[in-house]
Amino acid sequence: AMIGKAMLVPLCPIRQYLRRGYSAGPAFQYILVERKGQHHNVGLIRLNRPKALNALCDGLMTELNQALDTFEEDPNIGAIVITGSEKAFAAGADIKEMQNRTFQECYRGNFLSHWNHVSFVKKPVIAAVNGYALGGGCELAMMCDIIYAGEKAQFGQPEILLGTIPGAGGTQRLTRAVGKSLAMEMVLSGDRISAQEAQQAGLVSKVHPVDSVVDQAIICGEKISRNSKLIVSIAKEAVSGAFELSLAEGNRLEKRLFHSTFATDDRKEGMTAFVEKRKANFTDK
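Residues numbered from 1 in each chain as written. Predicted model: local features only at pLDDT ≥ 70, side-chain atom pairs only at ≥ 80, totals over all residues. Heavy atoms only, no water.

### A look at the confidence of the model for the chain
For the chain, per-residue confidence averages 90 on the pLDDT scale, and 91% of positions sit at 70 or higher. This stretch, residues 1–14, has a pLDDT under 50; its non-local contacts, to residues over four places away or in other chains, come to 47 contacts. Scored below 50 in pLDDT, residues 16–25 shows 19 contacts in the model against residues more than four places distant or in partner chains. (pLDDT = per-residue confidence, 0-100. Contact = heavy atoms within 4.5 Å.)

### A closer look at the domain arrangement of the chain
According to the domain assignment, the chain contains domain 1 (31–226) and domain 2 (229–276). Of note, the centres of domain 1 and domain 2, computed from C-alpha atoms alone, are 26 Å apart. At the junction of the two partners, domain 1 supplies 13 residues and domain 2 supplies five residues. Together domain 1 and domain 2 conceal approximately 690 Å² of surface at their shared face, both sides included; 54% is due to carbon and sulfur atoms. Its largest share of buried area at the contact with domain 2, domain 1 owes to Lys122, Asp145 and Arg176, together 46% of the area lost on that side. Taking the shortest distance from any N to any O, the salt bridge between Lys236 and Asp145 comes out at 2.8 Å. Applying the counting rule to domain 1 against domain 2 returns five residue pairs in polar contact (both at pLDDT 80 or more). Of the residues assigned to the side of domain 1 that touches domain 2, the class counts are six nonpolar, three polar and four charged. (Domains from an automatic or database assignment. Buried area = accessible area lost by both parts, 1.4 Å probe. Salt bridge = Lys/Arg side-chain N within 4 Å of Asp/Glu carboxyl O. Polar contact = N/O pair within 3.5 Å; in protein donor to acceptor, adjacent residues only side chain to side chain. Nonpolar A, V, L, I, M, F, W, Y, C, P; charged D, E, K, R; others polar.)

Structure follows, in structure tokens:
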């Protein structure tokens, strides 16, 4: 985990920047926000604390959540990509910010609870990881729906080396992704795994060259955005349910969500277009 000094600043509205497709630099201190893709339908959020290797301070996570909410509300955005720099996706939580916290403060304030916001976004979120994804950085990537990694990326949960344990889902999501043995080894030793090892273990879906991983994540986002945004969200809910439910309950959820698509215009349009051998024109209704 990296040490970096955090500072909270007043947040400005960013919608005017996003509508024009600009970077929202003036609105944020810790992130850059843009629309990407041929039809500007993929939201890109770039973590931007280069001197601290994108250490996750409270201000950065607050800004990230605000940007996610803005993209969630935007009807033109079909997918969201979160990335960092070539050197670090995020090298951990901001240790200086939490160094002197007490148990009472952590418990009373439910410390880190708002970090989980990424996992509640209805639209697909893709992590494009280069360099270090350690501690909170690894946890943030795992909150996303899809992880693409640059070939030099490293993943790890080194909190044990600081006398603590992961606190934003690291012990839970990592175990579900890679299995008990590897997760236990990583959490108890603090050892990192490479992008290739992460793909082998099932943590990462694709490994790309360092300079193309963000572009490939955007291409994936564009591909997803061509489908009905409504049906994509329903499909995401079904897959996410597999991590929470028994097989029987998961199948029941899937069946009900499948049935619900028959109440949508897009399901009718998709099947009609298939029968008529033409491209579907989805309206997200």
